[in-house]
Amino acid sequence: MASFLSGTRPVEEALVRPLDALAVGLNATPDLNAAEILHDCRSAAVLDHMVADLDPETVVFDLPPMLEYDDAAAFLPQVDGVLVISDGTQTTAAHLAACERILNGNAPLLGVVLNRGRAPADIGPVA
């Protein structure tokens, strides 16, 4: 993805198109300079060209945990909204509040998805 975002790799080589209506950009390994790459104005231009060329209805970017890495903060100017994915076994209310503070004024919070949620034993299954 680094070579694509820097403009040295064309979109046709960077994205897999399993269907006409679906393009997926995959990365084999994390990039140690991801935040710097995402802050670079070339990345914004490359993504603008990608959207113009592919004309997608929706674009979803999967980024690493917001409180552990700077990637999401660097990428906020490129998005219309953020969907936070919360891990029910690790994420606390304080973590979510910290994410909201980062997003405040930078990008709208579209919602929070809870993964690995568990119902309290005394309540029973959640319908």
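Keep in mind that this is a model prediction, so the values were computed, not measured.

1. Details of the overall build of the protein
Moving on, step 1. Within the protein, the regular secondary structure consists of six helices and four strands.
Moving on, step 2. Reading the secondary structure of the protein in the N-to-C direction produces α-α-β-β-α-α-α-β-α-β.
Moving on, step 3. Residues counted as buried form 23% of the 127 residues belonging to the protein.
Moving on, step 4. Taking the intrachain contacts of the protein between residues at least 6 apart in sequence as the baseline, contacts between residues at least 24 apart amount to 66%.

2. A few points about a nonpolar patch on the surface
Moving on, step 1. Where nonpolar side chains cluster on the molecular surface, the patch consists of Val 51, Val 59, Phe 61 and Leu 63 and spans about 260 Å² of accessible area.
Moving on, step 2. Considering the arrangement of structural elements, one finds Leu 63 in the loop between helix 4 (41–54) and helix 5 (71–75).

3. Some details on the nonpolar core
Moving on, step 1. Among the nonpolar cores identified, the biggest contains 21 residues, and Phe 4 and Val 82 are the most heavily contacted of them.
Moving on, step 2. Listed by contribution, the elements that provide at least two residues to this core are helix 1 (2–5), helix 2 (11–14), helix 3 (34–39), helix 4, helix 5, strand 3 (82–87) and helix 6 (93–103).
Moving on, step 3. Those residues within four positions of Val 82 in sequence are excluded, and the remaining contacts are Met 66, Leu 76, Leu 103, Ala 107, Pro 108, Leu 109, Leu 110 and Gly 111.

4. Side note on the pattern of salt bridges
Moving on, step 1. Counting across every chain of the model gives two salt bridges.
Moving on, step 2. Arg 42 is the salt-bridge partner of Asp 40, the closest N and O atoms lying 2.8 Å from each other.
Moving on, step 3. Two residues, Arg 116 and Asp 87, come together in a salt bridge whose shortest N-O distance is 3.5 Å. Within this pair, whereas Arg 116 is found in the segment after strand 4 (109–115), its partner Asp 87 is found in strand 3, the two being separated by 29 residues in sequence.
Moving on, step 4. Judged by its relative accessible area of 56%, Arg 116 falls in the exposed class.
Moving on, step 5. The exposure class assigned to Asp 87 is buried, which follows from its relative accessible area of 14%.

Cut-offs applied
Residues numbered from 1 in each chain as written. Predicted model: local features only at pLDDT ≥ 70, side-chain atom pairs only at ≥ 80, totals over all residues. Heavy atoms only, no water. Helix = DSSP H or I, 4+ residues; strand = E, 2+ residues; numbered from the N terminus. Buried < 20%, exposed > 50% of the residue type's maximum accessible area, 1.4 Å probe, protein only. Contact = heavy atoms within 4.5 Å. Patch = residues over 30% accessible without salt bridge, like charges linked within 9 Å, V, L, I, M, F, W, Y side chains within 5 Å. Areas by Shrake-Rupley, 256 points an atom, 1.4 Å probe, with all protein chains shown as cover. Salt bridge = Lys/Arg side-chain N within 4 Å of Asp/Glu carboxyl O. Core = buried A, V, L, I, M, F, W, Y, C linked by side-chain atoms within 4.5 Å.

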